[in-house]
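Spelled out from the first residue to the last, the chains are:
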Amino acid sequence: MAGGTSEPGRSVLDRALAVLGSFSDERPEQALGEIVAATGLAAATVHRLVGELVAWGALERPARGRYRIGMRLWQIGSLAPLARDLRDAALPFLQDLGAITGQVVHLVVLDGHRALFLERLPGHAEVPVRSRVGRRMPAHASGPGKVLLAFAPPAFVSEVVARGLPRMAAGTITDPRELALALGEVRRAGYCLSRDEMTDGAASVAAPVVGPSGEVVAGVSVVVPSSVENLQPLVPAVRLTAAAIGRALGAGIPLSARRT
């Protein structure tokens, strides 16, 4: 990208990152004026940076005057070792879980203080879900998110609580004391049952994936309509899937050989 800056204290890289960072789940697509408002950069600076980011592939134009994150960033992000190794190890088992249950299957990790959906496999049943691959959602408002919080350090959970517990659906836990009790139950049981917490009309069963170091590195979940009263029959399949992924991560088998 072009060098030089007319804005003291901000390098070209810093300003480019500010442009990219202005996009979020709430603002997946923006006009130039919205990017200017979100970054505090001069309109001429944003116009130039956006043009260069589009040329490089970090941004793309879905419509005239509108911009969104481009595939080039997704391709680079997919090279991150943890995400790549975890997804490659998990995918065969997630596919088996989806085939057995016929339901939506998720693989979720923590990204900062939020839950990041690393993989989502569609199901046969009609069930409302907010998730999509690469989307970040409040960790306290989903089954796999609560699994990750349940086994996270207490100081981290306190930070999540301090940032607020927004209500996403009718069943979202928004009270810190209630959340603490729920996380304690997840630790005791080894799995999480969730109903109408992220999306009205959806329930889930989630279990933790334990990595080679003994730490919980991900959550696996199956999503069903919340009209399904008894979620317990799904628990063994979800827990077995999570355990199988953990064993695959700890086996030390090269990625190229895992599917052979």
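Above this text is the structure in question.
On a predicted model such as this, the values are computed, not experimentally measured, just so you know.

The rules behind the values
- Residues numbered from 1 in each chain as written.
- Predicted model: local features only at pLDDT ≥ 70, side-chain atom pairs only at ≥ 80, totals over all residues.
- Heavy atoms only, no water.
- Helix = DSSP H or I, 4+ residues; strand = E, 2+ residues; numbered from the N terminus.
- Expected span 1.5 Å × (residues − 1).
- Buried < 20%, exposed > 50% of the residue type's maximum accessible area, 1.4 Å probe, protein only.
- Arc of directions from axis to C-beta.
- Contact = heavy atoms within 4.5 Å.
- 1 Å grid on protein atoms, 1.4 Å probe; cavity = no way out; pocket = protein on both sides within 12 Å on 5 of 7 lines; lining within 4 Å.
- Points joined across faces, edges and corners; volume = space filled by probe spheres on them.
- Nonpolar A, V, L, I, M, F, W, Y, C, P; charged D, E, K, R; others polar.
- Phe/Tyr/Trp six-rings, centres within 6.5 Å; stacked < 30°, edge-to-face > 60°.
- Lys NZ or Arg CZ within 6 Å of the ring centre and 35° of its normal.
- Pairing = 2+ DSSP bridges.
- Axes fitted to C-alpha atoms, helices over the stretch in contact; angles between N-to-C directions.
- Parallel < 35°, antiparallel > 145°, perpendicular 65-115°, else oblique.

*Asks:* Explanation requested: helix α3 (residues 43-56) in the structure shown.
*Replies:* Quick reminder: α-helices carry 3.6 residues per turn. Residues three or four places apart thus point the same way. Across its 14 residues, α3 extends 20 Å between first and last C-alpha, which sits within 8% of the 20 Å expected from 1.5 Å per residue. Looking at α3, one finds that the buried residues are T45, V46, L49, V50, L53 and V54. Taken around the axis of α3, the buried residues stretch over an arc of 155°, which confines them to a single face. Exposed residues pointing more than 90 degrees away from the buried face of α3 are listed as A44, H47 and A55. Buried positions along α3 lie against α1 (12-21), α2 (32-39), β2 (59-63) and β3 (66-69). Just downstream of α3 lies G57, where phi reads positive at about 105°.

*Asks:* Explanation requested: the layout of surface pockets in the structure shown.
*Replies:* Gaps between atoms show up when a probe of the same size as a water molecule is rolled over them. The calculated volume of the second largest pocket comes to roughly 210 Å³. If you trace the second largest pocket, you find 14 residues lining it, with K146, A182, E185, C192 and L193 closest to the centre. Broken down by secondary-structure element, the contributors of at least two residues to the lining of the second largest pocket are α8 (176-189) and β7 (192-195). By residue number, the principal contributor to the lining of the second largest pocket is α8, which donates six residues. Of the residues in the lining of the second largest pocket, the class split is seven nonpolar, two polar and five charged.

*Asks:* In this structure, what is going on with the packing of aromatic side chains? I would like to understand it.
*Replies:* For any pair of aromatic rings, the description consists of the separation of the ring centres together with the inter-plane angle of the planes. Within the structure shown, the criterion is met by zero aromatic pairs. Its end group placed over the ring of W56, R72 keeps NZ or CZ at 4.2 Å from the ring centre.

*Asks:* Whenever I open this one, the sheet that holds β2 confuses me. Can you help?
*Replies:* Either a parallel or an antiparallel arrangement is found when strands of a sheet pair, and the pairing is made through backbone hydrogen bonds. Ordered by their spatial adjacency, three strands build an open sheet running β1-β3-β2, and the pairing between neighbours is antiparallel. Of all the strands in the sheet, the pair left with one neighbour each is β1 (29-31) and β2. Strand-to-strand, the axes of this sheet are offset by a mean angle of 40°, without reference to chain direction. By the bridge criterion, three bridges tie β1 to β3 in an arrangement that is antiparallel. Bridge pairing in β3 links A31 to R66. Against the sheet, α2 engages β1 and β3, with an angle of about 95° to β1.

*Asks:* How should I be thinking about the sheet that holds strand β5 (residues 114-121) in this particular structure?
*Replies:* If you trace the six strands from one edge of the open sheet to the other, you get β6-β5-β4-β9-β8-β7, paired in antiparallel fashion. The open sheet has two edge strands, β6 (136-138) and β7, and neither has a second partner. Here the strands of the sheet are splayed against their neighbours by 35° on average, with no regard to which way each runs. Inspection of the sheet shows β7 paired to strand β8 (residues 202-210) by four bridges, in the antiparallel sense. Paired with R195 across the strands is A203, a residue of β8. Taken strand by strand, helix α6 (residues 143-150) contacts β4 (104-111), β5, β7, β8 and β9 (216-225), and its axis lies near 35° from that of β8.

*Asks:* Could you clarify how one ought to interpret the packing of α6 against α8 in this entry?
*Replies:* When two helices pack together, their arrangement is given by the angle between the helix axes and the distance between those axes. In the contact formed by α6 and α8, the axes pass within 9 Å of each other and the chain directions differ by 85°. Regarding the angle of α6 to α8, the classification is roughly perpendicular. For the pair α6 and α8, contact is made by K146, V147, L149 and A150 and by L179, L183, V186 and R187, respectively. Residues that form the contact of α6 with α8 fall into these classes: six nonpolar, no polar and two charged.

By themselves, these figures tell us nothing about what the structure is for.
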